[in-house]
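Secondary and tertiary structure notes
Listed here are the chains, written in short residue letters.
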Amino acid sequence: MASQQAATETLAPLSKYSKRVILKTVLEGGTGLVGQTIVIGGWVKSSNEVRKEPLPPPAVAVAGDAPVAAKDVTCVEILQTRIPFFRSIMKVLGGNQNPGRGKLESIVQQLPPPPSVAVLQVSDGSCVPSLQVLVDSSIAPPIQVMATGTCILVEGILQQPTVRGKHAIELKVEKIMHVGTVVQDNYPLSKKRLPLDMLRDFPHFRPRTTTVASITRIRHSLTQATHTFFLNNGFLYVDMPIITTTDGEGFSDKFQVTTLLGKDIKKEAIAMDDTGGVSLETIKASINEKSKQVEELKRTESNREALVAALQDLRKTNELAAQLEARKKSKSGTSVKSQMVKVEFSEDFFSRRTFLTSSGRLHLESYARALGNVYSFGPRFRAQKLESKKQVAEMWMIEVEIAFSQLEDAMNCADDFLKFVSKWVLENCSEDLKFLSKRVDPTIVDRLQLLTSSSFQRISYAEAVEVLKQVKDKKFEAKLELGMPLTEEHESYLVDEIYQKPVIIHNYPKELRPFYVRLNDDGKTVAAFDVVFPKAGKLIRASQNEERFNVLTTRIKELDIPKEQYEWYLDLRRHGTVMHSGFSLSFDLLVVYATGLIDVREVIPFPRSHGKATN
């Protein structure tokens, strides 16, 4: 017996920091764990109540002339078995005026409800299936533990299901240690199968759904695979700055970082007269924004101090608007010159203009030139006001730089990386992939398997344009000629219709790529490539970077880029220059590809897009 108990304990180990057993361990252990007493915790996914069979009337056996009771029962149990009989009598007795009926009703109402069992499907997020948990009404009223979303921590004994079905094992609860109840009317997941786009309004609850939980586990697995690949291939991980003064990708829509929009600017604006720099229209627009902020704080009721401060700020801004309006009326017939407050960035926190970075590759170069092969993994930001299923304001990027390498080397690295992570997910997330194949896209597994075994199609930009111009049965929205950028529609047609697999497009016109990309010998194209995937779109943006000082300074001058911002970058060419290449990979789009979804916002835990930053 002792050896059997020790064996079961090794099969169901406790979670090290919570003293409970993870449900994945229980469900994978199956019937081998029957008889073990364990503690589990999780959230109720669904439930139903099963009434116990009513106790039979007390049987009396006659042995000779002496009656013998077959079983000891309580008076309450006897009365509970007679409830249907009492109700029949009440029907016979008739209306409410009958005193006999009233007494019977009183007796029936005072009786406790008949015993029942709450049958719960409980999940703790460790796997797709749920554990069936039985809670007897003698331990807790069913109404207390049955609502969808209720959190429970219970101790019980594992047993084979009393009713055969899809469950191989179930837990019979012996002790309830915690119940986190749910306000059912306000709980957004009380309705079954909410669309994913509606779930985005409740990002703090959506990981409790089976679909988002599977997406999250696959995202975690891809993160593990990323670090494992680069570790196995001799790369060093380096953190890149999120706040920067330069823009590596040349994007014009950036988030500016400043502290000058706080109290200092407000004081300066209040001190000015209406001809000093703040227009009445600007103040009114500010009032609208501040009013919205106050209303939001009132709804959430999460921060009373912030609400009080916001109300004071709104009051002062209203006073300023009233002053400007009064001055404008008193100077009727006089033109009022309006201009914005001039921001002196020398007074800002960093004493100069700074932005949230859109790329870390330029900074990563400095470490590649010292350490060889390096990579980074973090958030990057684009302030584009667009509605897109493949681009949001904050996205996570994997960035790679390889010293002493050329464009072909970066292509091979990207190819190997994508094959490695695809194989990793197939081997480590089979259960989640199977679920998403049923729920989202039945071709997920086949596409990942094809990716691990097939080669990518490699074509030049000029070849891609020529192939697309020969298409006769498809009319593209944007006309395509040499020198024009490939649109998302063009790229999708190449990978989905023509080649039906990932495509690497290389050697772009220099006008379509940033200043730092290495100029090819023809003087017209640069050593850059993109990797375009079916469904996910452009997954990788890559290049061999310009190591020649004279060529790089010429490109900076041609594009009229402020040279002083990149003196540190030019220093890398002045002192010990080296050929190098690398790429940026959109990690969120990689998750899109692996899960079969079509909208990047579904795979980001808390997506930030134009006009939308919930929580």
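The rules we used
- Residues numbered from 1 in each chain as written.
- Predicted model: local features only at pLDDT ≥ 70, side-chain atom pairs only at ≥ 80, totals over all residues.
- Heavy atoms only, no water.
- Helix = DSSP H or I, 4+ residues; strand = E, 2+ residues; numbered from the N terminus.
- Buried < 20%, exposed > 50% of the residue type's maximum accessible area, 1.4 Å probe, protein only.
- Polar contact = N/O pair within 3.5 Å; in protein donor to acceptor, adjacent residues only side chain to side chain.
- Pairing = 2+ DSSP bridges.
- Contact = heavy atoms within 4.5 Å.
- Salt bridge = Lys/Arg side-chain N within 4 Å of Asp/Glu carboxyl O.

**Details of unusual backbone geometry**
- In this model, Ser351 sits at a positive phi of 65 degrees, which is unusual for a non-glycine residue.
- By the secondary structure assignment, Ser351 is in the loop between α11 (304-330) and β11 (354-356).
- Here the phi dihedral of Gln500 falls at roughly 55 degrees; this positive angle occurs in a residue that is not glycine.
- If you trace the backbone, Gln500 turns up in the loop between α17 (488-498) and β15 (503-509).
- Accessibility expressed as a relative area gives 56% for Gln500, which makes it exposed.

**Observations regarding the environment of Ser543**
- For Ser543, the location among the structural elements is in strand β17 (residues 537-545).
- Expressed as a C-alpha distance, the spacing of Ser543 and Ala528, which sit 15 residues apart in the sequence, is 4.0 Å.
- Reaching out from Ser543, the side chain makes a polar contact with the side chain of Asn545 at a distance of 2.7 Å.

**Looking at the sheet that holds strand β9 (residues 243-244)**
- On the basis of which strands lie adjacent, the open sheet formed by three strands has the order β9-β11-β10 and antiparallel pairing. Sheet topology places β9 and β10 (256-257) at the edges, where each strand pairs with a single neighbour.
- Relative to β11, β10 runs antiparallel, the two sharing two bridges. Looking at the pairing, Val257 lines up with Thr354 of β11.

**Digging into the environment of Arg208**
- Here Arg208 is to be found in the loop between α7 (196-199) and α8 (210-232).
- C-alpha of Arg208 to C-alpha of Val44: the two residues are 164 residues apart in sequence and 9.8 Å apart in space.
- When residues no more than four places from it in sequence are discounted, the contact partners of Arg208 are Trp43, Lys45, Gly149, Tyr187 and Leu189.
- A distance of 3.1 Å separates a polar atom in the side chain of Arg208 from a polar atom in the side chain of Tyr187.

**Re the pattern of salt bridges**
- Taken as a whole, this structure holds 28 salt bridges when the rule is applied.
- For Arg369, the salt bridge is made with Glu365, and the minimal N-O distance between the two is 3.5 Å. Remark: Glu365 and Arg369 occur in helix α12 (residues 361-371); sequence separation between them is four residues, near one turn of the helix.
- Between Glu489 and Lys474 there is a salt bridge, and its shortest N-O distance comes to 3.4 Å. Of this pair, Glu489 sits in helix α17 while Lys474 is found in the loop between α16 (461-469) and α17, placing the two residues 15 residues apart along the sequence.
- For Lys474, a relative accessible area of 33% corresponds to the partly exposed category.
- Linked by salt bridges that have partners in common, Arg200, Arg206, Glu387, Asp599, Arg601 and Glu602 make up one network.

Everything listed is a geometric property; what it means functionally is a separate question.
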